[in-house]
Amino acid sequence: MAETAAASKNVKFIITRQDDPQSAPYTEEFNLPYRPGMNVISALMEIQRNPVNAKGEATVPVCWESNCLEEVCGACSMVINGKPRQACAALIDNLEQPIRVEPMSTFPVVRDLIIDRTRMFNALKKVKAWIPIDGTYDLGPGPRMAEKKRQWAYELSKCMTCGVCLEACPNVNAKTDFIGPAAISQVRLFNAHPTGEMNADERLEALMTDGGIEGCGNSQNCVRACPKGIPLTTSIAEINKQTTKHMFKRWLGM
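Residues numbered from 1 in each chain as written. Predicted model: local features only at pLDDT ≥ 70, side-chain atom pairs only at ≥ 80, totals over all residues. Heavy atoms only, no water.

Lay out the overall build of the protein with the relevant residues and their values.
For the protein, the helix and strand inventory stands at nine helices and seven strands. Here the protein holds 254 residues, and the buried ones make up 41% of them. On the protein, roughly 13,900 Å² of surface is accessible, and the fraction owed to carbon and sulfur atoms is 52%. Counting 29 positive and 28 negative side-chain charges, the protein places the centres of these two groups 5 Å from one another. (Helix = DSSP H or I, 4+ residues; strand = E, 2+ residues; numbered from the N terminus. Buried < 20%, exposed > 50% of the residue type's maximum accessible area, 1.4 Å probe, protein only. Areas by Shrake-Rupley, 256 points an atom, 1.4 Å probe, with all protein chains shown as cover. Lys, Arg positive; Asp, Glu negative; His and termini not counted. Charge placed at Lys NZ, Arg CZ, Asp CG, Glu CD.)

In structure tokens, the structure reads:
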């Protein structure tokens, strides 16, 4: 009896679509048969297999991005019922209907739910969010990181560049050039690395330019939205302290 009830249950989706970057967005409704354990990605896959909208009209399949389906890659970020999150981890049973799915508004839309995260990747380039190693030859194991430092640094390394923190941040939008919480947290991560700290001043200098850490309004939306639970506001506070110390050292010629 329960299986029959589940089989007759439908799930209603209202999806914001956009044909190309220059087109105006519009919404399209879909009714899908309910299946236990469904998530938003499996629903989008169902629409892809049978692209028929709620009016019974054949339509173009919805475009979206996904890779791992395990909340690791960050590719399937979108706004679901007003909340930026990973679609693979959004279970239908936990969502209020109708389920409204939109692309993240912080980034330019490529098509439908696919967005261009160039802004985020450029921010990582600006702060040199990597460990610079010259040459392709073996340099050996390098200096060891203290276990106590490694434990909290590992939490920062969980960042999957999903963009959810930028979407949640009111200071990241088309009218600002704020670098965003993800890049700031990565500066803390790489400055803590025994090899990465050799370029710590360069990263701090990058955050002291326009669009840097001064753009943070301390809304704390980022840390609440982060799907990996990264302590972003702790990183921002620490980097704020580091940039202030660096500024005074520069003034004093140290």
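Having seen the model, we can carry on.
Requested: an account of the nonpolar core, with residues and values cited.
Among the nonpolar cores identified, the biggest contains 34 residues, and V127, L166, I179, I184, L207 and I239 are the most heavily contacted of them. Listed by contribution, the elements that provide at least two residues to this core are α3 (118-126), α4 (147-156), α5 (164-168), α6 (181-192), α7 (200-207) and α9 (232-251). Per-element accounting of this core gives the leading share, six residues, to α6. Two domains each provide a minimum of three residues to this core, namely domain 1 (6-115) and domain 2 (118-252). With 25 residues, the next largest nonpolar core counts L32, V40, V62 and M78 among its residues. (Core = buried A, V, L, I, M, F, W, Y, C linked by side-chain atoms within 4.5 Å. Domains from an automatic or database assignment.)

How would you summarise the side chain of E28 if you had to cite specific residues and measurements?
Take E28: it is sitting in strand β2 (residues 26-33). For E28, the side chain forms a polar contact with the side chain of R17, separated by 2.7 Å. There is a polar contact of 3.0 Å between the side chain of E28 and the side chain of T59. (Polar contact = N/O pair within 3.5 Å; in protein donor to acceptor, adjacent residues only side chain to side chain.)

I'd love a proper account of the domain arrangement of the protein, names of residues and values included.
Under the domain assignment, the protein is made up of domain 1 (6-115) and domain 2 (118-252). For domain 1 and domain 2, the distance between their C-alpha centres works out to 31 Å. Contacts between domain 1 and domain 2 engage 13 residues on the former and eleven residues on the latter. Interface of domain 1 and domain 2: buried area, both sides summed, is about 1,000 Å²; carbon and sulfur atoms make up 59% of it. Area buried by domain 1 at its contact with domain 2 is led by P84, T106 and F107, which between them contribute 48% of it. Counting the contacts that link domain 1 with domain 2 gives zero salt bridges. With three residues, the top contributor of residues to the side of domain 1 that touches domain 2 is strand β4 (residues 83-86). Classifying every residue of the side of domain 1 that touches domain 2 gives six nonpolar, five polar and two charged. (Contact = heavy atoms within 4.5 Å. Buried area = accessible area lost by both parts, 1.4 Å probe. Salt bridge = Lys/Arg side-chain N within 4 Å of Asp/Glu carboxyl O. Nonpolar A, V, L, I, M, F, W, Y, C, P; charged D, E, K, R; others polar.)

Before we move on, can you summarise the confidence of the model for the protein with the specific residues and values?
Of all residues in the protein, 96% have pLDDT values of 70 or greater, and the mean over the chain is 92. Per-residue pLDDT stays below 50 along residues 1-7; that stretch engages in one contact with residues further than four places along the chain or on separate chains. (pLDDT = per-residue confidence, 0-100.)

Talk me through the pattern of salt bridges; I want residue IDs and the actual numbers.
Under the definition given, this model contains eleven salt bridges. The shortest N-O distance in the salt bridge between R250 and E205 comes to 2.7 Å. Residue R250 is located in helix α9, and its partner E205 is located in helix α7; the two are separated by 45 residues in the primary sequence. A salt bridge links K241 to E238; the shortest N-O distance between them is 3.4 Å. Of the two residues, K241 and E238 both sit in helix α9, three residues apart, roughly one turn of that helix.

Could you give an account of the environment of I184, naming the residues involved and the relevant values?
Here I184 is to be found in helix α6. Owing to a relative accessible area of 0%, I184 belongs among the buried residues under this scheme. Taking the C-alpha atoms as reference points, I184 and V127, 57 residues apart in sequence, are found 8.1 Å from one another. Those residues within four positions of I184 in sequence are excluded, and the remaining contacts are F178, I179, L207, I213, S235, I236 and I239.

Can you tell me about the sheet that holds strand β3 (residues 77-80), naming the residues and giving the values?
Spatially, β2-β1-β5-β3-β4 is the arrangement adopted by the five strands of the open sheet, whose pairing is mixed. At either margin of the open sheet sits one strand with a lone partner, and together these are β2 and β4. Shown here is a sheet whose adjacent strand axes are inclined to one another by a mean of 30 degrees, direction ignored. As paired elements, strand β1 (residues 10-17) and strand β5 (residues 99-102) share three bridges and run parallel to each other. Pairing of I15 across the sheet is with V101, part of β5. Its contacts with the sheet put helix α2 (residues 40-49) on β1, β2, β3 and β5, and the angle it makes with β2 is roughly 95 degrees. (Pairing = 2+ DSSP bridges. Axes fitted to C-alpha atoms, helices over the stretch in contact; angles between N-to-C directions.)

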